[in-house]
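Reading the structure
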Amino acid sequence: LSGMVSTERLSELLKRPEGINLEPRSATVSIMFVEVVGLTATCAEKPPRQAFELLKSTLAEITAIIFRHGGIAEKGYSHGIYFYFGYDLLQSGTRADHADAALACAIDLQRYWIQRTASAEQTVFPLRISVNTSSVYFGDLGASSGVELNMIGYGVEDAKRIAALAEDYRIV
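Residues numbered from 1 in each chain as written. Predicted model: local features only at pLDDT ≥ 70, side-chain atom pairs only at ≥ 80, totals over all residues. Heavy atoms only, no water.

Low-confidence regions, as indicated by low pLDDT, have predicted coordinates that should not be scrutinised in detail. Averaged over every residue, the pLDDT of the protein is 86; the share at 70 or more is 92%. Within the protein, no element has a lower average pLDDT than strand β2 (residues 72–76), which sits at 79, and none a higher one than strand β6 (residues 170–171), at 94. (pLDDT = per-residue confidence, 0-100. Helix = DSSP H or I, 4+ residues; strand = E, 2+ residues; numbered from the N terminus.)

Printed below as a string of structure tokens:
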């Protein structure tokens, strides 16, 4: 679960490992897809080490804000990353305010990114953010040596499709 949740949340979870529920189940959550516009093309023009350093630093900045709002990181790609809000690893339910938390996070992330853009000496990539509330399935797809919690369902792909409809620096 390292990298999926904040270090503080991971410490809480590790205090009660027997309470972590990894059984496949359905839950209604708010899924956020953050598209980093132009990052893939820029990375393709750089040597591998520089491309991965740029990708890693960009996703780390985004993820830090998501974690402050209680989001969980799902999967990262060269152009974006999925997050979800509301799923509780220690309970069988979801947070009732997950949509509000996801939207507040999206607004904070865009505000931060716009300020960063205005003051940056380096290349900054616009963000397109979508928030989609949907029922999805959660389960552990990791090998016997590790945990890899994943969500599947139409709502996951819908979040990515919706982000493509947004203009740069917008939330849909």
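Next comes the rest of the write-up.
Tracing the backbone shows Gln-110 in helix α4 (residues 98–119). Exposure remark for Gln-110: the relative accessible area of 4% places this residue in the buried category. If sequence neighbours within four positions are ignored, Gln-110 has contacts with Leu-127, Arg-128, Ile-129, Tyr-169, Arg-170 and Ile-171. (Buried < 20%, exposed > 50% of the residue type's maximum accessible area, 1.4 Å probe, protein only. Contact = heavy atoms within 4.5 Å.)

Turning our attention to the packing of aromatic side chains. Enumeration over the complete set of coordinates arrives at 5 aromatic pairs. Ring geometry for Phe-33 versus Tyr-82: centroids 4.8 Å apart, planes at 55°, classification tilted. Taken together, the positions of Phe-33 in strand β1 (residues 25–36) and Tyr-82 in strand β3 (residues 80–85) put the pair 49 residues apart, joining distant regions of the chain. Overall, Phe-33 belongs to the buried group, its relative accessible area being 1%. Judged by its relative accessible area of 2%, Tyr-82 falls in the buried class. With a centroid separation of 6.1 Å and 55° between ring planes, the pair formed by Tyr-112 and Trp-113 is classed as tilted. (Phe/Tyr/Trp six-rings, centres within 6.5 Å; stacked < 30°, edge-to-face > 60°.)

Relative to each other, helix α3 (residues 48–68) and α4 sit at 140°, their axes nearing to 9 Å. Considered as vectors, α3 and α4 are oriented oblique to each other. Of the two elements, α3 crosses α4, and the hand of that crossing is right-handed. In this structure, α3 uses Thr-58, Glu-61, Ile-62, Ile-65 and Ile-66 to contact α4, whose residues at the interface are Cys-105, Leu-109, Tyr-112, Trp-113 and Arg-116. Residue classes in the contact of α3 with α4 are distributed as 7 nonpolar, 1 polar and 2 charged. (Axes fitted to C-alpha atoms, helices over the stretch in contact; angles between N-to-C directions. Parallel < 35°, antiparallel > 145°, perpendicular 65-115°, else oblique. Left-handed = near helix turned anticlockwise from the far one by under 90°. Nonpolar A, V, L, I, M, F, W, Y, C, P; charged D, E, K, R; others polar.)

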